[in-house]
Each structure stands twice: as structure tokens, then as C-alpha cells.
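Spelled out from the first residue to the last, the chains are:
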Amino acid sequence: MDLSGQPHTALFLVVPRLGLRELLSVAQVCVSLRDAVDKDVLPWLDIMVGDILCRRLSGEMLLKLTAKAEGKVRSLGLSNCIKISEEALLAVVIGNPNIETLNLTGCTGLTPEGVIKVAEALSKQGSGLRCLKIDGIYDLHEGHLQTLKSLVRQEGKGNQGIDVDVCPRCHAVRKVFSCRRETCKRKGENRGKECIGCAFCIPRCVECGGCVETEEADEAEAACPDVLCLGCWSKLTKCIFCNRPYCWRHSEQQQCYSPLLRGQSGFVCEFCDSSFHDEDDDFV
Ligand SMILES: [Zn+2]
Ligand SMILES: [Zn+2]
Ligand SMILES: [Zn+2]
Ligand SMILES: [Zn+2]
Ligand SMILES: [Zn+2]
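The structure presented is a predicted model; accordingly, all values stated were derived computationally and were not measured.

**Q** So what exactly am I meant to see when it comes to the overall build of the chain here?
**A** A count of helical and extended segments in the chain gives 12 helices and 8 strands. Out of the 284 residues belonging to the chain, those deemed buried represent 27%. Long-range contacts, defined here as pairs at least 24 residues apart, represent 60% of the contacts in the chain between residues at least 6 apart.

Rendered as C-alpha cells:
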């Protein structure tokens, strides 16, 4: 803010680049910023609801948010927006026929039939969906997937437009991965698609995406619940007490200032650190 109490003009320039949460907080600072946020269509074309808002976002709130784009929303990220209903989403897409990207992962308030209605509405009114994410929606079956595939534009080879597929092993509709290990790729070329399957059928290393045998997974134990292959496990830095590493997703859980380290470099995992504190409590 400058001396007159007006926000600096530079703030108005960043408005179109802000995420949804920042946009909503900026709008609360003062009237002129709220007007800047409300009257500008640009920040609302690609709406991504983040981790903090998703569990609270109701259908009514979503309608209000998307209305700011004046019918021009291009992409809508509603990952884990558990309160969103089919009616609300349908109203949003009818009002915004140009939505091409829709992320509904973990939207457990929606049914496969509801998602089909939404995709149908978009393909009737506009150019249709290009990308649809539905992993985590309950009761998805192959029939639903076939209908959705016909409603999502195919670009290039395969069905890259939808994030789930039929697992060739268990036939459930889930995220299906193909192996990235060089040795498996060669095996696959010779003997068919052996390493393709969902995470339930084939455990995979979180670091490299390669398949992991049960014995290997036992040997390559991580400090987090994720699966690692021996190759990746050996390269990662480990807890100085239990010799277990964290994967990239959980590396921030490394306790680098734990009293257990006693000045040594390295880290202690959360489990070892907390068992040390538990022992401490016993003496109190
Ligand atoms: Zn499977
Ligand atoms: Zn690996
Ligand atoms: Zn493999
Ligand atoms: Zn440990
Ligand atoms: Zn992990």
C-alpha cells in the first residue's frame, strides 16, 4: 500500500497470476483490489481449487467462483472437492461450455453417471473435453469408461485424455501404470505386456516407477509407507538409526535437528525421533 492507502499498482499486475486462495485473500484486502479481482476475467479462466479449500467448497461457492469468468472457464481443477454435487457441476459446465480440462480426482460426491452427464453436456455445447481426471470416483466400470472415452477428444496415440484405464490383471478401472525399468521393457517386447497393471496388482517404486518384487520391497524398506526398488533405495540418504530412507514425496519428514544426532550430520526419521521422545517422557 502507498501513503494514500491505495494498493501499489504492481499488485494489479500480479492479480491474473495468483492462485485461487491468494485471489480470495487479495480480494479481502480493500475495495479497489476486490474490484480488480472481481472485474478481471483473466484470473478466473483456469480455476484450480487447492488442498485447503477443496474440502469446504460447496456447489454454491463453485458457482459463484466460476461466474466471475463470465462463461469463459477453460480448465477446472476440483481435486478432492468432496462436497461438489452432480447438479452444481452440471450447472457450472452449462454456464461454461468451453471447459476443456476437468480434474475430478477424489470428488467422491460424484457418480460415474454424473460425470458422463457433465462430459456429454460439454461435448454437445462446445468443443468437448480434452483432458478428464476421474481417479478416485467410486464404482467406475468399464462401460462408463468406454462412454467417457467417446466423449473426450483423442489427441495422439492411446487414451491420454483420461487418467484411468482397465487394469489388464484385475480388470478394475483405475490408474494403470506401465513399467519404466529397462529390463522389463525388454521382457515386455519379448513376452507381452507383463508389467502393466494398477498399483494394487503390481507394487511400484515411487522413485523410478519400476515394478518391485515382494522380497525386494521387504529388503528396500522406506521410512514412509511407499514402495522402493533396491536400486533407488541404495541411492537415497538413510536415517542414521534405522537405515531407512524417505522417498522424494516425504523427504521433508527428515528430522535434521533431532537430539539423537548429537551433532552428527545426516537425519533421523520421524519414527526414531518420536520413539526417543517417548523414552524421554517415561523418565518425567
Ligand atoms: Zn489391477
Ligand atoms: Zn526405483
Ligand atoms: Zn517391470
Ligand atoms: Zn529411523
Ligand atoms: Zn514416501
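**Q** Is there a simple way to explain the packing of helix α5 (residues 59-67) against helix α6 (residues 86-95) in this structure?
**A** Packed helix pairs are specified by the crossing angle of their axes together with the interaxial distance, meaning the distance between the axes. Between α5 and α6, the shortest axis-to-axis distance is 9 Å and the interhelical angle comes to 10°. As the angle between them shows, α5 and α6 are arranged roughly parallel. On the side of α5, the interface is formed by G59, L62, L63 and T66, while α6 contributes E87, A88, A91, V92 and G95. Among the residues making up the contact of α5 with α6, the classes are represented as 5 nonpolar, 3 polar and 1 charged.

**Q** Whenever I open this one, the sheet that holds strand β1 (residues 46-48) confuses me. Can you help?
**A** As a general point, the strands of a sheet are linked pairwise by backbone hydrogen bonds and lie either parallel or antiparallel. With parallel pairing, the 4 strands of this open sheet are ordered in space as β1-β2-β3-β4. Strands at the two margins of the open sheet, each flanked by one partner only, are β1 and β4 (131-133). In this sheet, neighbouring strand axes are inclined to one another by 5° on average, regardless of whether the strands run parallel or antiparallel. Pairing between strand β3 (residues 101-103) and β4: 3 bridges, direction parallel. Note that in β4 the partner of L102 across the bridge is L132.

**Q** I tried to follow the environment of Y246 on my own but got confused; where do I start?
**A** For Y246, the location among the structural elements is in the loop between α11 (230-235) and α12 (270-283). Along the chain, Y246 and A223 lie 23 residues apart, while their C-alpha atoms are 5.3 Å from each other.

**Q** Would you mind showing me how to read the nonpolar core here?
**A** As a rule of thumb, nonpolar side chains are buried together in soluble globular proteins. In terms of nonpolar packing, the biggest core is built from 36 residues, with I84, L104, V115, A119, L132 and I134 touching the most fellow members. Residue assignment for this core shows that the elements contributing at least two residues are α5, α6, α7 (112-125) and α8 (142-151). Ranked by residue count, the leading element in this core is α7, at 5 residues. In this structure, I134 is in contact with L104, T105, V115, L140, I162, D163 and V164, ignoring residues within four places of it in sequence.

**Q** In this structure, what is going on with unusual backbone geometry? I would like to understand it.
**A** What you tend to see is this: most non-glycine residues have negative phi, and most peptide bonds are trans. Despite not being glycine, D139 has its phi angle at roughly 60°, a positive value. With respect to the helices and strands, the residue D139 is situated in the loop between β4 and α8. Take D139: there are 9 C-beta atoms within 10 Å of it, and that puts it in the exposed class. A positive phi angle, close to 65°, is found at H171, a residue other than glycine. With respect to the element layout, H171 can be found in the loop between β5 (165-166) and β6 (173-174). The exposure class assigned to H171 is exposed, which follows from the 12 C-beta atoms found within 10 Å.

**Q** Even after reading the chapter, I still don't get the packing of α7 against α8, so can you show me in this structure?
**A** It is at 10 Å that the axes of α7 and α8 come closest, and there the two elements cross at 15°. Viewed along their axes, α7 and α8 adopt a mutual orientation that is roughly parallel. When you trace α7 past α8, the crossing you get is left-handed. Side by side, α7 and α8 meet where P112, V115, I116, A119, E120 and S123 of the first sit next to H144, T147, L148 and L151 of the second. Classifying every residue of the contact of α7 with α8 gives 6 nonpolar, 3 polar and 1 charged.

**Q** Would you explain the environment of Q253 in this entry?
**A** Considering the arrangement of structural elements, one finds Q253 in the loop between α11 and α12. Classification of Q253 as partly exposed rests on a count of 15 C-beta atoms within 10 Å. Note: C-alpha distance between Q253 and F271 (18 residues apart in sequence) is 9.9 Å. Not counting residues within four places of it along the chain, the set of residues in contact with Q253 comprises C224, Y246 and E270.

Rules used in this analysis
- Residues numbered from 1 in each chain as written.
- Chains lettered and ligands numbered in written order.
- Predicted model: local features only at pLDDT ≥ 70, side-chain atom pairs only at ≥ 80, totals over all residues.
- Helix = DSSP H or I, 4+ residues; strand = E, 2+ residues; numbered from the N terminus.
- Buried ≥ 20, exposed ≤ 12 C-beta atoms within 10 Å, placed from the backbone.
- Contact = placed C-beta atoms within 7 Å.
- Axes fitted to C-alpha atoms, helices over the stretch in contact; angles between N-to-C directions.
- Parallel < 35°, antiparallel > 145°, perpendicular 65-115°, else oblique.
- Nonpolar A, V, L, I, M, F, W, Y, C, P; charged D, E, K, R; others polar.
- Pairing = 2+ DSSP bridges.
- Core = buried A, V, L, I, M, F, W, Y, C linked by C-beta atoms within 7 Å.
- Left-handed = near helix turned anticlockwise from the far one by under 90°.

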